[in-house]
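Each chain, letter by letter, is given below.
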Amino acid sequence: MNIRLTFTIIITKLLIFALRILKSGGTSLPGKVARKIYPDIMKVISKDFRIIMVTGTNGKTTTTRIIGKLLEENNIEYITNKSGANLVSGVITTFIESVDIRGKSKTSTALLEVDEAAFNVVTDYVQPDILVVTNFFRDQLDRYGELYTTLNNVRSGIEKSPNVKLVLNADDSLCASLGHNMDREVVYYGFSDEAYTGNITVVNSDASICLYCKSKYEYSYHVYGHLGGFSCPNCGYMRPSSKVTCVKINELNTSYSDIIFSLSPIKGNEEPVSYNARINLPGLYNIYNALAAASLGHLFGFSPDSLVKAMESFECGFGRMETIETEGKTIKVILVKNPTGFNQVLSYLLTEKQNTQIAFVINDRLADGTDISWLWDVDFEQLQQMQDNVSYFYASGIRAEDMAVRLKYAGIHSDKIQIEKDYETLLNKALDATLEGQNLYILPTYTAMLEVRSLLEKKFGLKEFWK
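Note that this is a predicted model, so its numbers are computed, not measured.

Draft legend 1. Spotlight on the sheet that holds strand β1 (residues 50–55). Read across the open sheet, the nine strands follow the order β2-β3-β1-β4-β5-β6-β9-β10-β11; overall the sheet is mixed. Of all strands in the sheet, those with a lone pairing partner are β2 (79–80) and β11 (273–279), marking the two edges. Sheet topology note: the strand β5 (residues 165–169)/strand β6 (residues 186–191) ladder contains four bridges and is parallel. Along β6, the bridge assignment pairs V167 with V187. Where helix α10 (residues 284–300) meets the sheet, it contacts β1, β4 (130–133), β5, β6, β9 (244–252), β10 (257–263) and β11, and its direction lies at approximately 150 degrees from that of β6.

In structure tokens:
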């Protein structure tokens, strides 16, 4: 018996238990303590697991949830960092929770959401057997640095994982490049050129220039941001063919998305076969998340029926379109953290047909990004289209005043903008203004989401976020 390992596991499990009793989560601190006592603990206790990792800028938590449902549909037991604690310490805690004091687990599959900035560090200790990458968008510069630095960190982690199979977004020129000229098995997913014909605002500030020759990309179609049918007219780098493809969107609304998707054989040239699915969350970005999960299932050889069932029945992660019903009213909490993701949430809000309330809760702590200038890159101007159906736009959080100013410059009427920093007062005001059958949308940054959700948890008896 490895006495040091056993001692570390016992101490860490006790710490997790104590923190959970104190309602403090116990998702990251125990892992930090374990790593101090036994620096190689993750390498030791992860060696008997089949490792699935999910990384990328947007959509990690939701994609991980859909994959989890897919594994359940196929009777595969797994461990996962359900709380979204996706740095090294959170991953270590996840493993320690799943093993006995000897470091052994009855479960052989680990499904791990991994922060894109932490992926290169995590792979020093444990390498994935399958890596799902959602996308790369400009995020918090003070935390992540320049976009290509994040991309190269993930590439470095892949290079340390010689046996990894890759699931990549074909429509993202940055993400797709991870499989370009790579000696790994790759399954690509994406949209066909005719899948989405709705209103498209092309804001391609993240990846307009070819990675390989610095020429400007040409596009045969756009979905959003820099996602779409890209090609370089100079060197020929272009969108790869996708094996899992959204070929048509039948309906987009505030509750779900109806799509037709096709599966092409992983190997071989047979014709693709199409299937109907209702994705249990709205928004174009969640269609991509569902396609990513379906691609992993396709790689595993799971039945198409199980892919469809997983898309239709998974539970959203906390703060990711989490829905609370109260007195005939609906509260929806949607995490926002960067311009592209925020723009997609705003586009989703434009599908709202009835009167509603919208609260923006903006913090500038380290986990949110201390530089909030990115708010000026968000297309809040599109909210002018719906402001007649919004009673109030609430601004809250540490940077409430900055958010209010941004809304005013976006053309929102001043008498509709209310600043309210106290979360309980904000919630009460917004719910009072929300009529029965209507929705209140709360759009917080990360630490604001944890604070708001803590209030909602006490008020409405929600599950603890680590559950």
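Draft legend 2. Here's a closer look at the state of the cysteines. In this structure the tally under the stated criterion is zero disulfides. In this structure C175 is a free cysteine whose sulfur lies 16 Å from that of C210, the closest cysteine sulfur available. Relative accessible area serves as the criterion here: at 0%, C175 is assigned to the buried category. In this model C210 remains outside any disulfide bridge; the closest cysteine sulfur is found in C235, 3.6 Å from its own.

Draft legend 3. Region of interest: the packing of aromatic side chains. Following the criterion strictly, the structure yields 17 aromatic pairs and no others. Pairing F191 with Y288 gives two aromatic rings, centres 4.5 Å apart and planes at 35 degrees, and the pair type is tilted. Taken together, the residues F191 in strand β6 and Y288 in helix α10 connect sequence positions 97 residues apart. Residue class for F191 comes out buried when judged on its relative accessible area of 0%. On the numbers, 5.4 Å between centres and 65 degrees between planes, the contact of Y217 with F230 is edge-to-face. In this pair, Y217 sits in the loop between β6 and β7 (218–224) while F230 sits in strand β8 (residues 227–231), placing the two residues 13 residues apart along the sequence. Here Y217 matches F230 in class, with each residue buried. Each residue in the set F137, F191, Y224 and Y288 is aromatic and connected to the rest through ring pairs, giving one cluster. Its end group placed over the ring of Y38, R4 keeps NZ or CZ at 5.0 Å from the ring centre.

About the cut-offs
Residues numbered from 1 in each chain as written. Predicted model: local features only at pLDDT ≥ 70, side-chain atom pairs only at ≥ 80, totals over all residues. Heavy atoms only, no water. Pairing = 2+ DSSP bridges. Helix = DSSP H or I, 4+ residues; strand = E, 2+ residues; numbered from the N terminus. Contact = heavy atoms within 4.5 Å. Axes fitted to C-alpha atoms, helices over the stretch in contact; angles between N-to-C directions. Disulfide = S-S within 2.5 Å. Buried < 20%, exposed > 50% of the residue type's maximum accessible area, 1.4 Å probe, protein only. Phe/Tyr/Trp six-rings, centres within 6.5 Å; stacked < 30°, edge-to-face > 60°. Lys NZ or Arg CZ within 6 Å of the ring centre and 35° of its normal.

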